[in-house]
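Single-letter residue listing:
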Amino acid sequence: MNLLNLKKESFLYNSFLIILSGFFIKGLGLLNKIFITRLLGTAGMNLYILCFPTILLFISLSSCSLNVTTSKLIAESLKNQKYSPRKIVKESLKLGIKISLLFEIVFVLSLPIIINKLLLNKDLFYPLLMSLFLYPLVGITDTLRGTLAGLKQMKNVAIVNIIEQIFRFTFSIGSLIILRYHDPIISVSFTILALAVGELTSLIYLIIKIKKLELPDFQSNNNELSAIKQIAIPTTLSKLIGNLSYFFEPILNTLILTYLGYNLNKINTDYTIINAYIIPLLTISSFLSTAIATTIIPSLSETIALNNSKDTDSLINKTFFLSIIPGIIISIILFFYPKDFLYFFFGTTLGSEFIRKFVFVFLIHYIQAPGIAIMQSLGKSKLIFIISSFFNLLRLIFIIIFPLIFNFQTYSLFYSIIITMVFETIIIWVLISIYSNFRLHKKKIIEILLISIIIFNIGVILHYHNLNFIISSIILSSLFSFFIIKFKLI
């Protein structure tokens, strides 16, 4: 297979493939979360949620952003032949293996400190220990995923994501059913192990697919490793700041609230409500914007490499509207039926008042990941790092000072997340308009706003007549989709 003669696939087609797979993965993910929530119970969910900041921190360190890096460099090299795609993959794999093994050692050495001194919960030892199997895999799989994305093999990217989720779901639920009468610590440990099982199966598929591809090997005097580091290091540092912030969130949240006299069990329970119920529901369609963010990098990198400003503007506009339009209808539906969907997915109505109050604010979340991806494609990884660092640090400061100033009680963390998310995303999109000279299509914005107002008012009528929430959701989403397609807004 000669990759240089590959048929050029459109951004929308690639986005559709990733979104379709993302929809399936999100469905499995929701089923997984429903089963996990109900089988683990409150005690198990507290452990499960408290594990994730640490796990995501070490995943970020071990992967070293090689997915984004290889995708961007390969896509550009296929156009300008500046670097050899084969050497990019080779150097990325070497770097990924070395880094993941290094942080594997760091994780083992720091585990006692994390459990006993920071998280103050000895029950987390075995669940976190199970994540040890995950870190050596992510450096390799991220490189191979990035390779497929850079070659615009989006069908295979979609398949590998689905395979990973299927095996993770099967192993996780199977383990929980077998171990449902055992100690929650054991159940949570096997739920964490499911992450590594999913990653391993995806790695096997990736190796099989990559071996069948004939990667071009352009003759070049440029240093591929240096190019990889120039993108990977600032991107990783940017993610790392976010993961470190996420890692310290429960620690600082617990310290300040216990200092103010709140019960530790109440603090942990409300932290779980925020991170297991409220935010997952408010960001339920975030897989769409994540999929678009994955697709935009190689496509936009190509147009930038070719100095095509018209296509660049078109791609950025498509990215914006594809990201935010699905979020609008989901936000409208959740506004009317927060309790119904919370109970449907998680078997609880805890946190429903926050869903209704902030659902439209969280619309901005859907354009955050694509905005970051666009900035990376524009070669502004270092600037993203600075912005991300500032707002993540600001969020930690807010977590400390909000309980002292405002009567947010144990939900100061939630308000800190909202405020920093909004301002960070606005700044990112302002910078995109500066560096790319792109302008949003005003006519589209007005049309989308009018359609949203119409659908919202229909929602008021349906809610007033106490129509079943699923039927109402189908009616609202069908009408919204009809208008969006009718007026060719996507």
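Residues numbered from 1 in each chain as written. Predicted model: local features only at pLDDT ≥ 70, side-chain atom pairs only at ≥ 80, totals over all residues. Heavy atoms only, no water.

Describing the overall build of the chain
Scanning the chain from terminus to terminus reveals 18 helices and zero strands. Whereas a compact globule of 490 residues would reach a radius of gyration of roughly 23 Å, the chain reaches 23 Å, a difference of no more than 12%. With the C-alpha coordinates of the chain rotated into their principal frame, the extents come out at 65 × 55 × 45 Å. Across the 490 residues that make up the chain, the buried fraction comes to 57%. Pairs at least 24 apart in sequence give 84% of the contacts found in the chain among residues at least 6 apart. Only carbon and sulfur atoms are counted for the fraction: they give 67% of the accessible area of the chain, which is about 21,800 Å². (Helix = DSSP H or I, 4+ residues; strand = E, 2+ residues; numbered from the N terminus. Rg over C-alpha atoms; globule rule 2.2 N^0.38 Å. Buried < 20%, exposed > 50% of the residue type's maximum accessible area, 1.4 Å probe, protein only. Contact = heavy atoms within 4.5 Å. Areas by Shrake-Rupley, 256 points an atom, 1.4 Å probe, with all protein chains shown as cover.)

Overview of a positive patch on the surface
A contiguous patch of positive charge, built from Lys87, Lys90, Lys94, Lys98 and Lys229, is present on the exposed surface. Per-element accounting of the positive patch gives the leading share, four residues, to helix 3 (residues 85-118). Residue placement: lysine 229 occurs in helix 8 (residues 224-259). (Patch = residues over 30% accessible without salt bridge, like charges linked within 9 Å, V, L, I, M, F, W, Y side chains within 5 Å. Salt bridge = Lys/Arg side-chain N within 4 Å of Asp/Glu carboxyl O. Lys, Arg positive; Asp, Glu negative; His and termini not counted. Charge placed at Lys NZ, Arg CZ, Asp CG, Glu CD.)

Quick notes on the environment of leucine 129
Among the secondary structure elements, leucine 129 is positioned in helix 4 (residues 125-130). Sequence separation between leucine 129 and serine 189 is 60 residues; the distance between their C-alpha atoms is 8.0 Å.

Some thoughts on the pattern of salt bridges
Taken as a whole and judged by the stated rule, the model has five salt bridges. Across the pair glutamate 199 and arginine 145 runs a salt bridge, and its minimum N-O distance is 3.7 Å. Taken together, the residues glutamate 199 in helix 7 (residues 184-212) and arginine 145 in helix 5 (residues 135-150) connect sequence positions 54 residues apart. Given the relative accessible area of 6%, glutamate 199 is considered buried. When the shortest N-O distance is used, the salt bridge between glutamate 164 and arginine 168 registers 2.5 Å. In this pair, glutamate 164 and arginine 168 both sit in helix 6 (residues 154-178), four residues apart, roughly one turn of the helix. You'll find glutamate 164 and arginine 168 in the same group, each marked buried. Within this structure, Arg145, Glu164, Arg168 and Glu199 form a network of salt bridges that share partners.

Remarks on unusual backbone geometry
Positive phi, close to 55 degrees, is recorded for asparagine 466, a residue that is not glycine. Structurally, asparagine 466 is set in the loop between helix 17 (442-464) and helix 18 (469-486). Assessed through its relative accessible area of 67%, asparagine 466 is described here as exposed. Backbone geometry at lysine 488 places phi at a positive 50 degrees, although glycine is not the residue there. With respect to the secondary-structure elements, lysine 488 resides in the segment after helix 18. Taking relative accessible area as the criterion, lysine 488 reaches 68% and is therefore assigned exposed.

Comments concerning the confidence of the model for the chain
Close inspection of predicted coordinates is inappropriate for parts of the model with low pLDDT. On average, residues of the chain carry a pLDDT of 85, and 94% of them reach 70 or more. Here residues 1-9 scores under 50 on pLDDT; set against residues more than four positions off or in separate chains, the count is 17 contacts. (pLDDT = per-residue confidence, 0-100.)

Some words on the layout of surface pockets
The calculated volume of the largest pocket comes to roughly 1,100 Å³. Elements represented by at least two residues in the lining of the largest pocket include exactly helix 1 (11-63), helix 10 (286-305), helix 11 (309-336), helix 12 (338-346) and helix 18. It is helix 1 that contributes the most residues to the lining of the largest pocket, eleven residues altogether. Here the residues of the lining of the largest pocket sort into 29 nonpolar, six polar and one charged. One number sums up the size of the second largest pocket: a volume of about 460 Å³. (1 Å grid on protein atoms, 1.4 Å probe; cavity = no way out; pocket = protein on both sides within 12 Å on 5 of 7 lines; lining within 4 Å. Points joined across faces, edges and corners; volume = space filled by probe spheres on them. Nonpolar A, V, L, I, M, F, W, Y, C, P; charged D, E, K, R; others polar.)

Focus on a nonpolar patch on the surface
On the surface, Tyr259, Leu260, Ile400, Leu404, Ile405 and Phe406 cluster together to form a nonpolar patch covering roughly 620 Å² of accessible area. The element best represented in the nonpolar patch is helix 15 (residues 381-405), accounting for three residues. Residue position: isoleucine 405 is located in helix 15.

Structural notes on the packing of helix 8 against helix 9 (residues 264-282)
The geometry of helix 8 relative to helix 9 is characterised by a closest axis approach of 10 Å and an angle of 145 degrees between their N-to-C directions. Relative to helix 9, the crossing made by helix 8 is right-handed. Residues Tyr246, Pro250, Asn253, Thr254, Leu257 and Thr258 of helix 8 pack against Leu264, Ile267, Asn268, Tyr271 and Asn275 of helix 9. A per-class count over the contact of helix 8 with helix 9 returns six nonpolar, five polar and no charged. (Axes fitted to C-alpha atoms, helices over the stretch in contact; angles between N-to-C directions. Left-handed = near helix turned anticlockwise from the far one by under 90°.)

Here's the deal with the packing of aromatic side chains
The geometry of an aromatic ring pair comes down to the distance between the two centres and the angle between the two planes. Taken as a whole, this structure holds 36 aromatic pairs when the rule is applied. An angle of 85 degrees between the planes, with centres 5.1 Å apart, marks the rings of phenylalanine 341 and phenylalanine 469 as edge-to-face. In this pair, phenylalanine 341 sits in helix 12 while phenylalanine 469 sits in helix 18, placing the two residues 128 residues apart along the sequence. Summarising the burial analysis for this pair, phenylalanine 341 and phenylalanine 469 share the class buried. A cation over an aromatic ring shows up here: arginine 356 above the ring of phenylalanine 335, its NZ or CZ 5.2 Å from the ring centre. Its guanidinium or amino end placed over the ring of phenylalanine 354, lysine 357 lies 6.0 Å from that ring's centre, counting from NZ or CZ. (Phe/Tyr/Trp six-rings, centres within 6.5 Å; stacked < 30°, edge-to-face > 60°. Lys NZ or Arg CZ within 6 Å of the ring centre and 35° of its normal.)

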